[in-house]
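# Survey of secondary and tertiary structure
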Amino acid sequence: MLNRRQFLGTGLSAVALGLAARNTAAGFFPPGHGHGHGHDHDHDPDHPWPCADTGSAALDASFPIGPIDTSAGIQYVNGLPVVKQWFGDDFPTQLQIPFHQGEAQYPNGAPPEPSESHDVVIIGGGLSGLATAYALRRHRPVVLELHRRFGGVSMGERWNDTNFSLGGAYFITPDRGSYLERLYRELGVTGLRRVSPPTDDPIEINGAIAEGFWEGAGLTPIEIDGFNQYRFLLLSYVQNYPEIPLSPSADNTWIRQLDAMTLRDHITQSLTVPVPKLLQAAIQGYCYSSFNAGWQEVSAASGWNFLAAEEYGRWVLPGGNAGLTSLLAAKLLRLEAGTPRQCPPRHLRSSCRAVEVRVLGPDNVRVVYKGLDEGFRTIRAKRVVVACPKHVTRQILPGLAADDPQRLADFLEVRTRGYVVANVLLNRRPTRRFYDLFLLNQGDFPGTTGATTLPGDFQRITDAVNGSFARRHGDTSVLTMYWPLPYDEGRFDIIAETSLQTFAARARAELDVTLGALDLSIDDVEQVRMSRWGHSMPLARPGLIASGVCERMRTPYRDHIYFVNQDNWALPAVETCLLEAAAMAPLIEQGL
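Scoring rules and cut-offs
- Residues numbered from 1 in each chain as written.
- Predicted model: local features only at pLDDT ≥ 70, side-chain atom pairs only at ≥ 80, totals over all residues.
- Heavy atoms only, no water.
- 1 Å grid on protein atoms, 1.4 Å probe; cavity = no way out; pocket = protein on both sides within 12 Å on 5 of 7 lines; lining within 4 Å.
- Points joined across faces, edges and corners; volume = space filled by probe spheres on them.
- Helix = DSSP H or I, 4+ residues; strand = E, 2+ residues; numbered from the N terminus.
- Disulfide = S-S within 2.5 Å.
- Buried < 20%, exposed > 50% of the residue type's maximum accessible area, 1.4 Å probe, protein only.
- Pairing = 2+ DSSP bridges.
- Salt bridge = Lys/Arg side-chain N within 4 Å of Asp/Glu carboxyl O.
- Phe/Tyr/Trp six-rings, centres within 6.5 Å; stacked < 30°, edge-to-face > 60°.
- Lys NZ or Arg CZ within 6 Å of the ring centre and 35° of its normal.
- Axes fitted to C-alpha atoms, helices over the stretch in contact; angles between N-to-C directions.
- Core = buried A, V, L, I, M, F, W, Y, C linked by side-chain atoms within 4.5 Å.
- Contact = heavy atoms within 4.5 Å.

### Comments concerning empty space enclosed by the protein
One pass over the structure, following the stated rule, counts five cavities of 30 Å³ or more. Put simply, the largest cavity is a space of about 110 Å³. If you go around the largest cavity, you meet 17 residues; those closest to its centre are Gly-319, Gly-320, Val-465, Asn-466 and Gly-467. For the lining of the largest cavity, the secondary structure elements donating two or more residues are strand 8 (162-165), strand 20 (463-466) and strand 21 (477-484). Take the lining of the largest cavity: its biggest share by element is three residues, from strand 8. Lining the second largest cavity are Glu-204, Leu-439, Asn-441, Ile-461, Met-481, Glu-510, Val-513 and Thr-514.

Structure, rendered in structure tokens:
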């Protein structure tokens, strides 16, 4: 496998292969692989299973990308047409938000006896869970997903002919010959993706696009020198790339040393001139958008892992990363071959919330979950994969405190933050060609020179993604606007009773600026759909990798429970999810 340094030396670029799975990425079931169709080597589709009481929502309504609900009402907030509900973490009240306390309060004092047995149960149907299910598909895993739709933060919707994301937007061009490139080819990504180079990203300052920003237009000689030194530093990490997850066969000492510093300290110590204020703002805007934290909080190793990878360009699918989860889900539909259409799914179970996982003995893990009807059900499994954040994991593993207090302490080291996404549905496409518009405004980010804003007061949309970028046709578009909440209390702000109206009102003023920079206006807006994600971003803070916390907490628990999630390495990236699934799959299979 070529690493990024070797890849750079070859001068080769990734090759686009095939034109497969167009319908799948658009959010449709592929022909012949829908619910109750396809081929199953373990079961005769001419003699389907009887219906099983799995408690799952219907499969047809659980695909990662679905059409918008046109029946949802609109309210006008300062003249902005906003849909009257949150999407994403759409729990109706604070009292119904799961995983803030244990939920294993059984009516008879004990969970029901197992009604089924499976080799593998995967808890979490986001990108990590679906990737793990795909890697273990020959073992016919059961996937339990809390939300009605699969995909997690890589969930999306479809409006007219545009797929758009409720969360994640893109992933990095893979190294030629790497596992990720092979996986993307298998899934059909290469025939659908569009490549976005970093030069596609315009910068907004004071309400206008700053032409020639990276060329130093309007800067003093010393500021231009600062930009040039930063560029040289960036290229040094493109050539000597800090690979995360860490390779067990490499000497990672230098990455651990880098992880012990903040990105701000490393950059300011590496440059021989002060970091120009506009450069600070650009780095800060990127960090808030990508890490939900400023450069003063982000590990230098994680920061350079992201910043250097961007130089290889990004792969963008229709629907952003929801396009990727849709491709995975389409491959996994084969698990439901033989399940009658009128029956709930047996393997891909949405609206199913795991509440307890306990190892009872060899090849005997009890998984208790609540179905769509809130009734408890129990599965006996040989192996369990927990593909959800660690704050959830510690609630559903009640034995951790007694069995493995060190692991529980490590889990508590992982901090997560929330963010908001405002999808602005437009009745025409922007005339400017771009993928991601970075919104620096006046450059007054917390942690920059002269900043007066504290992280807890940060109320800014940082960037807007062009939803028509990866689409070939159509007159309408969607601006997906990212609003990080880079402070630990941010999740409480988005569950307050009036949170939707509060965030919509704040978004209105910023939206006017963004639309103006793109020669659009409020008259071009059909509606705005607000999504919230409470614990979606692990904080890539210094020392987690260097201290060994990440490597300890990702090891199997009692030889039967495995962990696959981006917070295994506190690195909020698509690649972390996919590579951890690939790393854990062989270990899981050894015991089956």
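### Quick word on the state of the cysteines
Per the stated rule, a full pass over the model turns up one disulfide. Each disulfide pairs two cysteine sulfurs, and for Cys-51 the partner residue is Cys-343, the sulfurs being separated by 1.7 Å. In this structure, the disulfide formed by Cys-51 and Cys-343 twists by about -70° around the S-S bond and is classed as left-handed. With a gap of 292 residues between them, Cys-51 in the loop between helix 2 (22-25) and strand 1 (65-67) and Cys-343 in the loop between helix 10 (322-332) and strand 14 (348-349) connect regions that are remote in the sequence. What makes Cys-343 buried here is its relative accessible area of 4%.

### Re the pairing of strand 3 (residues 80-83)
Side-chain alternation along strand 3 places Leu-80 and Val-82 on one buried face and Pro-81 and Val-83 on a second face that is also buried. Alignment of strand 2 (residues 74-77) against strand 3, held across four bridges, turns out to be antiparallel. Looking at the pairing, Val-77 lines up with Leu-80 of strand 3. Linking two consecutive strands that pair antiparallel, namely strand 2 and strand 3, is a turn of two residues; a positive phi of about 55° is found at Asn-78 within it.

### Focus on the pattern of salt bridges
Between side chains of opposite charge, pairing is possible as soon as their charged atoms come close. For the coordinates displayed, the defined rule picks out 31 salt bridges. Across the salt bridge formed by Arg-256 and Glu-551, the nearest N and O atoms sit 2.9 Å from each other. Of this pair, Arg-256 sits in helix 6 (residues 253-259) while Glu-551 sits in helix 16 (residues 549-553); the two residues are 295 residues apart in sequence, bridging distant segments of the chain. When its relative accessible area of 28% is taken as the criterion, Glu-551 is described as partly exposed. Close ionic contact of Asp-404 with Arg-407 constitutes a salt bridge, the shortest N to O distance being 2.9 Å. Comparing Asp-404 with Arg-407 shows no difference in burial state: the two are buried. Here the residues in one salt-bridge network are Glu-103, Arg-353, Lys-370 and Glu-374, joined through shared partners.

### So, the packing of aromatic side chains
Counted according to the given criterion, the structure contains 18 aromatic pairs. Put simply, the rings of Trp-86, Trp-483 and Phe-503 pair up and form one aromatic cluster. Positioned above the aromatic ring of Trp-315 is the side chain of Arg-193, whose terminal nitrogen or guanidinium carbon lies 4.8 Å from the ring centre. Taking NZ or CZ as reference, Arg-506 lies 5.6 Å from the ring centre of Phe-503, over its face.

### A closer look at the sheet that holds strand 8
Taken together, the three strands give an open sheet; going across it, the order is 1-7-8, and neighbouring strands pair in mixed fashion. The open sheet terminates on both sides in strands that have one partner only, identified here as strand 1 and strand 8. Shown here is a sheet whose adjacent strand axes are inclined to one another by a mean of 30°, direction ignored. Examined bridge by bridge, strand 7 (residues 156-159) and strand 8 share four bridges and lie antiparallel to one another. Paired with Glu-157 across the bridge in strand 8 is Phe-164.

### Things to note about the nonpolar core
Residues Val-121, Ile-123, Ile-267, Trp-304, Val-357, Val-384 and Ile-561 are the most contacted members of the largest nonpolar core, which totals 102 residues. For this core, the element with the highest residue contribution is helix 8 (residues 277-291), accounting for eight residues. Beyond its immediate sequence surroundings of up to four residues, Val-384 is in contact with Val-121, Ile-123, Val-357, Val-365, Val-367, His-560, Ile-561 and Tyr-562.

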